[in-house]
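The lines below spell out each chain.
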Amino acid sequence: MKKQIAIGVIIIFVMAFSAIFAPLIATHDPLEMDLSPGAMLQHPSLQHIFGTDNLGRDVFSRMVYGARISLSVGFIAVFISMTIGIFLGGLSGYHGGWVDNLIMRLVEIMYCFPTFFLIMMVIAFLGPSIINVMIVIGLTSWAGISRLVRAEFLTLRERDFVSSAKVQGASDMRIIFRHILPNAMAPIYVSATLSVGSAILIESALSFLGLGVQIPTPSWGNIIT
């Protein structure tokens, strides 16, 4: 578990480093077009490491700057989904009974809809933009983490330290977020790192279809397009 967390953190750190220091790493302006003869669709060279696209823009620079957009979508969407999933999963696992049944039925309803097509439908109504993509991905991706958190809470709520906190008069919210949640974070961290990658793939697919980040803003999805 610790090895998986470490690998995921290293990968995200490298990607984040590239995004933060994009002006230093990029060799050209990602929006600068060169429509002169021979400048478009060039092969990789010393001047253009990854070549140029159909408008003469440097592909490497667009990929570096596109990391900023894709990582922003990944982190913010995962933050939204984790917040919802941890809250609902914690309530479900700690209280049990009708609260557990209600939340789990809601989770099962979310699983009934294909996530990607649900996102496409909502984006089609709201309009394609980076903000809408972040919010919609976050609001449709919390079901898995809520089930994971619920399973951890079902185990931890029977531990002695929880019983001790109850005897001392601690409130349910304090027990959930101060005592149980910190002990359930290891699998949540792993799920979060994997979810960032999934969110980036979803954003790339939406941008490839024209429903995500709009041209000329560079993102990994519209670069593939």
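Because the structure is a prediction, the values reported are computed rather than measured. (Residues numbered from 1 in each chain as written. Predicted model: local features only at pLDDT ≥ 70, side-chain atom pairs only at ≥ 80, totals over all residues. Heavy atoms only, no water.)

J.: Help me get a handle on the overall build of the protein, residues and values and all.
T.: A count of helical and extended segments in the protein gives 11 helices and zero strands. Walking the protein from its N terminus toward its C terminus, one meets helices and strands in the order α-α-α-α-α-α-α-α-α-α-α. For 225 residues, the compact-globule estimate of 2.2 N^0.38 gives 17 Å, and the C-alpha radius of gyration of the protein, at 22 Å, exceeds that figure by more than 25%. The principal-axis extents of the C-alpha atoms in the protein amount to approximately 80 × 35 × 20 Å. Sequence-distant contacts, at least 24 apart, represent 69% of the contacts inside the protein between residues at least 6 apart. Summing over all exposed atoms, the protein offers an accessible surface of approximately 12500 Å²; the carbon and sulfur share of this is 69%. Separation between the mean location of the 13 positive side-chain charges and that of the 12 negative ones in the protein comes to 12 Å. (Helix = DSSP H or I, 4+ residues; strand = E, 2+ residues; numbered from the N terminus. Rg over C-alpha atoms; globule rule 2.2 N^0.38 Å. Contact = heavy atoms within 4.5 Å. Areas by Shrake-Rupley, 256 points an atom, 1.4 Å probe, with all protein chains shown as cover. Lys, Arg positive; Asp, Glu negative; His and termini not counted. Charge placed at Lys NZ, Arg CZ, Asp CG, Glu CD.)

J.: Could you give an account of helix H9 (residues 172-180), naming the residues involved and the relevant values?
T.: Every α-helical turn comprises 3.6 residues, leaving residues that sit three or four positions apart pointing alike. Turning to H9, its buried residues are Ile175, Ile176 and Ile180. Looking straight down H9, one finds that the buried residues subtend no more than 95° of arc, so they occupy a single side. Close packing links the buried residues of H9 with helix H3 (59-95), helix H7 (143-156) and helix H8 (160-167). (Buried < 20%, exposed > 50% of the residue type's maximum accessible area, 1.4 Å probe, protein only. Arc of directions from axis to C-beta.)

J.: I'd like a description of the pattern of salt bridges, backed by residues and values.
T.: Under the definition given, this model contains four salt bridges. Note that Asp53 is salt-bridged to Arg57, the shortest N-O span being 2.8 Å. Here the two residues Asp53 and Arg57 agree in accessibility, since each one is buried. Between Asp100 and Arg150 there is a salt bridge, and its shortest N-O distance comes to 2.7 Å. Of the two residues, Asp100 sits in helix H4 (residues 97-112) while Arg150 sits in helix H7, which places them 50 residues apart along the sequence. With relative accessibility at 22%, the residue Arg150 sits in the partly exposed group. (Salt bridge = Lys/Arg side-chain N within 4 Å of Asp/Glu carboxyl O.)

J.: Help me get a handle on the packing of aromatic side chains, residues and values and all.
T.: Across all of its chains, the model carries three aromatic pairs by this definition. Judged by centre distance (6.1 Å) and plane angle (75°), the ring pair of Phe116 and Phe117 falls under edge-to-face. (Phe/Tyr/Trp six-rings, centres within 6.5 Å; stacked < 30°, edge-to-face > 60°.)

J.: Describe the nonpolar core, with residues and values.
T.: Counting residues in hydrophobic clusters, the biggest one holds 42 residues, and the most contacted among them are Met82, Ile103, Ile119, Ile137, Phe153, Ile180 and Ile188. Of all the secondary-structure elements, those providing two or more residues to this core are H3, H4, helix H5 (115-126), helix H6 (130-139), H7, H8, H9 and helix H10 (185-208). If one sorts the elements of this core by residue count, H3 sits on top with nine residues. Here Ile137 is in contact with Val73, Ala77, Ile119, Ala199, Ile202 and Glu203, once residues within four sequence places are set aside. (Core = buried A, V, L, I, M, F, W, Y, C linked by side-chain atoms within 4.5 Å.)

J.: Give a detailed account of the confidence of the model for the protein, specifying residues and quantitative values.
T.: Overall, the prediction assigns the protein a mean pLDDT of 82, with 92% of residues at 70 or greater. Averaged over each element, pLDDT in the protein is lowest for helix H1 (residues 2-20) (66) and highest for H7 (89). (pLDDT = per-residue confidence, 0-100.)

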